[in-house]
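# Chains, contacts and geometry: an overview
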Amino acid sequence: QNSSEVYDCQIELKTSPHNSFETLENEIISNRKNIRKLLNDFNCDIYFSGSLPDFDFKDSWRTPKDYYLGIFLAFGLYSNCFQYLSTQFHVSNERCKDYKRIFNILNAFDPIFLNLSASSPFSASRDTHHFSSRFIEYRSVPVMLDVISSEIDQKNGDTLYSFYGTHRITPYGSLEMRVCDSLHRVDDLMALLALYASLFETLLDHSPNNLSFYTRDNRYMHHNTWYAAVQTTKEFHFKSDKNNRLFSLNDILEELVDFIKPTAKKIGAAKYIEHIFNIYERGNGAEHQCDIFKQTNSFYQLKNQIINETHDYLGK
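Residues numbered from 1 in each chain as written. Predicted model: local features only at pLDDT ≥ 70, side-chain atom pairs only at ≥ 80, totals over all residues. Heavy atoms only, no water.

### Looking at unusual backbone geometry
The backbone of A124 shows a phi angle near 55°, a positive value even though the residue is not glycine. Its location among the elements puts A124 in the loop between strand 6 (122-123) and strand 7 (126-127). Positive phi, normally seen in glycine, also occurs at N297, with a value near 50°. Along the chain, the position of N297 falls in the loop between helix 11 (285-296) and helix 12 (299-314). On the basis of relative accessible area, N297 is assigned to the exposed category, the value being 60%. (Helix = DSSP H or I, 4+ residues; strand = E, 2+ residues; numbered from the N terminus. Buried < 20%, exposed > 50% of the residue type's maximum accessible area, 1.4 Å probe, protein only.)

This is the structure we're talking about:
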């Protein structure tokens, strides 16, 4: 259930397929505890919060594997932590016959998920002015995944994409959403998954066209897909071309939750959905990291605090 990721200082924690949110939550907690126990034997810990803020990944993907393996392993040991980079949610339903249709609709909701999940405002010991270092880190990395042709910012000919896809259709009969970075709070992670699964199930039976903020093929919306995470949860505003109205994130969430609430109850996600408003009020993970850094002015202290907080969420 654990494997290496793109870089050798990253660890991917996988779960089995679930049809119960409770059993999935239990497995996520168990996986995180188990990897901690393993790393403890090497005097290491795991940093669940996006990219390591004080390490420069810019050219590392170009380095030969046998060369940078030692560098990253040494770095992981030196910094006393490994990192877990991204969070992926898969949903599937045997009633869904056209994943591409749902995929194209879900793209319009990307800014919401990106903003709520943003969790890495620093890279290479500096403020990136983005709330996700994926905006910086993956600009020139080849995407060796089955990103479908409708992905925006595709560069034909050289298989490079400006940014990682937030949604993709998988060969496993599911839709995958890549939450922008890793979430060190399990309650945040479960809330976003509950929102995504409930939205997916709702869209099988109901059109989103009656949502006042929803506009299909809105250029402003697609632009926000990649840049929404620059803003804090309270600053985030979205303009709909349909009615020329400016929506706050709270406006959007209230309407969206009402839209999916019947389905959320049906699939057992209702109690997790309500936590979405707690994320909005508290701020996303990137805001939290910025607050820690303002207080400590230290990336070392930032990492330590995130590690200790994650211990508290899991229960020591």
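Now that the structure has been shown, the text picks up again.
### A closer look at the pattern of salt bridges
Opposite charge on two side chains permits them to pair, given that their charged atoms come into close proximity. As enumerated under the stated definition, the model contains 10 salt bridges in all. With a shortest N-O distance of 3.7 Å, K234 and E281 are connected by a salt bridge. In this pair, K234 sits in the loop between helix 7 (219-227) and strand 12 (237-240) while E281 sits in helix 10 (residues 275-282), placing the two residues 47 residues apart along the sequence. A relative accessible area of 51% means that E281 is categorised as exposed. (Salt bridge = Lys/Arg side-chain N within 4 Å of Asp/Glu carboxyl O.)

### A look at the environment of N34
Within the element layout of this structure, N34 appears in helix 1 (residues 21-40). Residues N34 and N2 lie 32 residues apart in sequence; the distance between their C-alpha atoms is 9.8 Å.

### Regarding the nonpolar core
F109, I112, L175, L199, F213 and L256 are the most contacted members of the largest nonpolar core, which totals 55 residues. A total of 13 residues in this core trace back to one element, the largest contributor, which is helix 6 (residues 186-203). Each residue touching L256, except ones within four places of it in the same chain, is listed here: F109, I112, L195, L199, L211 and F213. (Core = buried A, V, L, I, M, F, W, Y, C linked by side-chain atoms within 4.5 Å. Contact = heavy atoms within 4.5 Å.)

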